[in-house]
Amino acid sequence: MRDAARVACVSRGFAHSWRYYPNLVFNDETLGINANTWIKGEKMRDFTSKVDCIMKKHSGIGLEELNVTLSSTNAMYNFPCTLLSGGTGELLRYLVLVNCNFHPTKLVCLKSLTRLRLHKVNILVDELECLLSNSFSLEQLKLCNCNTIVCLKIPCLKRLSSLEVSACNRLQVIESKAPNLSFFSFGGKPHVRLPLGGTSPIKKLSVSYNDAAFYARTELPSRLPNLEALIIFSHPEAVNTPMMNSKFLHLKFLHIILGGRDYDFLSLVSFLDASPSLENFRLTVSHYLSYPLDLRTVPGHLYDKLKFVEIINFSSAKTLIELTCHILGSTRCSVSKSGKCLLMHKDTLVEAGRALLSVETYIKPNVPPAVELNAVEPCRRCHAHLLDDNNKLFSVLVS
């Protein structure tokens, strides 16, 4: 900003040209604001004065992207919606607002807008509905921590294909008339009524809340018959997945992220048996309990199309070993048990040692010749002090 001001003093042409720049990004860095300023009101006044000045002087001609991100503060930036009215915002294609009060009127018509992201934005239900109704080209909508929204109504936006809603704590209902909505991601409270009708075009779904796996298995096959990709995040998952007759006939990708100390991982066979087209199965777990091993088996199908299985944070939990052995006996795919290269606490390292021992003892003997098993142990470079004389990891910890 200082350099721009100096140049503007000697160049009227530059001062005039920047007003037509198509992409505007306002944050602490681009505005030269000290992010560590804690004096009450000073940071907010600095941010507001600079953004308002630039917005008022910007002609709006050719403006395609606008990003206004106010970093963590108790105050909210009052976005000047009048600057987008009267045709000024007609060419705007991408709008991001973070920590803002945003109250658009009927005069704000963003007919070229394709992507809209609102994070910690105060906007009323009727204001959002009016804005969406005038955004005919909208393709992606993302709402996060917008706690003034109680009901989200999506009008008949023919180009809208992606909808993401998370942590909108007061939200109760989501209604969608978008005919081509193919991706929907929801994270919040399970009581929210979701737009999942029997004729829904949604092919990719992500859900995140407690007991989401139970909900997905019992409700989704009949409500989303065209589902091809499903991501489930549940922490905790307190209810084991039941066996059902319903099927995910078109499901090809399934990723389940689970937490819950008493969850029976073997019950996830219900998802595998219900997905005849499944090609990729990923499971991420987050507890480390060891049980005396007396492995159960359950009758299962042959998963012909399953090509790849990945289990992240694999542990020595009895039910997880049972699930892995079941998959190995029912498919010809490759199986990987992996984790990220991170420094680990001693308790976690001990469990990793148990997990590797479980793989050697109970899983490797059951690996068919056509199946590739890849058990990724914690990084030897990061934990070199735990290597023994034979270059074996965790042997001292496990013993």
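Residues numbered from 1 in each chain as written. Predicted model: local features only at pLDDT ≥ 70, side-chain atom pairs only at ≥ 80, totals over all residues. Heavy atoms only, no water.

### Here's the deal with the pairing of strand β13 (residues 253-258)
- Within β13, 5 of the 6 residues are buried, leaving the element largely enclosed by the surrounding structure.
- Pairing of strand β12 (residues 229-234) with β13 involves 6 bridges; the strand directions are parallel. Within β13, the residue paired with Ile232 across the bridge is Ile256.
- Of the pairings in the sheet, the one linking β13 to strand β14 (residues 280-285) comprises 6 bridges and is parallel in character. Within β14, the residue paired with Leu254 across the bridge is Phe281. (Buried < 20%, exposed > 50% of the residue type's maximum accessible area, 1.4 Å probe, protein only. Helix = DSSP H or I, 4+ residues; strand = E, 2+ residues; numbered from the N terminus. Pairing = 2+ DSSP bridges.)

### A closer look at the packing of aromatic side chains
- Counting across every chain of the model gives 7 aromatic pairs.
- Ring centres of Phe47 and Tyr77 lie 5.6 Å apart, and the angle between their planes is 80 degrees; on these two criteria the pair is classed as edge-to-face. Remark: Tyr77 occurs in strand β3 (residues 77-78) and Phe47 occurs in helix α4 (residues 42-57); sequence separation between them is 30 residues. Across the pair, Tyr77 and Phe47 agree in class, each one buried. (Phe/Tyr/Trp six-rings, centres within 6.5 Å; stacked < 30°, edge-to-face > 60°.)

### Points about the pairing of strand β8 (residues 162-166)
- Direction of pairing for strand β6 (residues 140-144) relative to β8: parallel, over a ladder of 5 bridges. Note on β8: the bridge partner recorded for Leu143 is Val165.
- Pairing between β8 and strand β10 (residues 183-187): 5 bridges, direction parallel. Each bridged residue has a counterpart across the sheet, and for Glu164 the counterpart in β10 is Ser185.

### Some remarks on the confidence of the model for the protein chain
- The share of residues in the protein chain with pLDDT of 70 or more is 83%, and the mean pLDDT across the chain is 84.
- No element of the protein chain has a lower mean pLDDT than helix α10 (residues 395-398), which averages 41, and none a higher one than β6, which averages 98.
- Long-range and interchain partners of residues 393-399, a stretch whose pLDDT sits below 50, account for 20 contacts in this model, where long-range means more than four residues apart. (pLDDT = per-residue confidence, 0-100. Contact = heavy atoms within 4.5 Å.)

### Comments concerning unusual backbone geometry
- Residue Pro236 is bonded to the preceding His235 through a cis peptide linkage, with omega at 5 degrees.
- With respect to the helices and strands, Pro236 occurs in the loop between β12 and β13.
- The phi dihedral of Asn145 falls on the positive side, at around 55 degrees, and the residue is not glycine.
- Given a relative accessible area of 24%, Asn145 falls into the partly exposed group.
- Of note in this structure, Asn313 is not a glycine but carries a positive phi near 65 degrees.

### Concerning helix α6 (residues 212-223)
- Among all positions of α6, only Ala212, Ala213, Tyr215, Ala216, Arg217, Leu220 and Pro221 are buried.
- Those residues of α6 that are buried lie in contact with β11 (204-208), β12, β13 and α7 (269-273).

### Digging into the state of the cysteines
- Using the criterion set out here, one finds 0 disulfides in the structure.
- Free of any disulfide, Cys144 has its nearest neighbouring cysteine sulfur in Cys168, separated by 6.7 Å. (Disulfide = S-S within 2.5 Å.)

### Details of the environment of Phe136
- Inspection of the secondary structure assignment puts Phe136 in the loop between α5 (125-133) and β6.
- For the pair Phe136 and Cys156, spaced 20 residues apart in sequence, the C-alpha to C-alpha distance is 9.0 Å.
- With near-sequence residues (within four places) excluded, Phe136 lies in contact with Cys109, Leu110, Lys111, Leu157 and Arg159.

### What to know about the environment of Cys144
- Tracing the chain through its elements places Cys144 in strand β6.
- When the C-alpha atoms of Cys144 and Gly187 are compared, they prove to be 9.2 Å apart, with 43 residues separating the residues in sequence.
- Once residues lying within four places of it in the same chain are set aside, the contact partners of Cys144 are Leu118, His119, Lys120, Ser166 and Cys168.

### Observations regarding helix α8 (residues 318-328)
- The buried fraction of α8 amounts to 11 of the 11 residues, a majority that puts the element mostly inside the structure.
- Along α8, the positions that sit buried rather than exposed are Lys318, Thr319, Leu320, Ile321, Glu322, Leu323, Thr324, Cys325, His326, Ile327 and Leu328.

### Observations regarding the environment of Asp126
- Among the structural elements, Asp126 can be located in helix α5.
- Taking the C-alpha atoms as reference points, Asp126 and Pro104, 22 residues apart in sequence, are found 9.7 Å from one another.

### Some words on the pattern of salt bridges
- Within this structure, the stated rule accounts for 9 salt bridges.
- Between Lys43 and Asp28 there is a salt bridge, with its nearest N and O atoms 3.2 Å apart. Taken together, the residues Lys43 in helix α4 and Asp28 in helix α3 (residues 28-31) connect sequence positions 15 residues apart.
- Judged by its relative accessible area of 11%, Asp28 is buried.
- Glu90 is paired through a salt bridge with Lys111; the nearest N and O atoms lie 3.7 Å apart. Placement of the pair is Glu90 in the loop between β3 and β4 (94-101) and Lys111 in the loop between β4 and β5 (115-122), with a sequence separation of 21 residues.
- Judged by relative accessible area, which is 38%, Lys111 ranks as partly exposed.
- Among the ionic contacts, a cluster of salt bridges with common partners joins Asp264, Arg296, Lys318 and Glu322. (Salt bridge = Lys/Arg side-chain N within 4 Å of Asp/Glu carboxyl O.)

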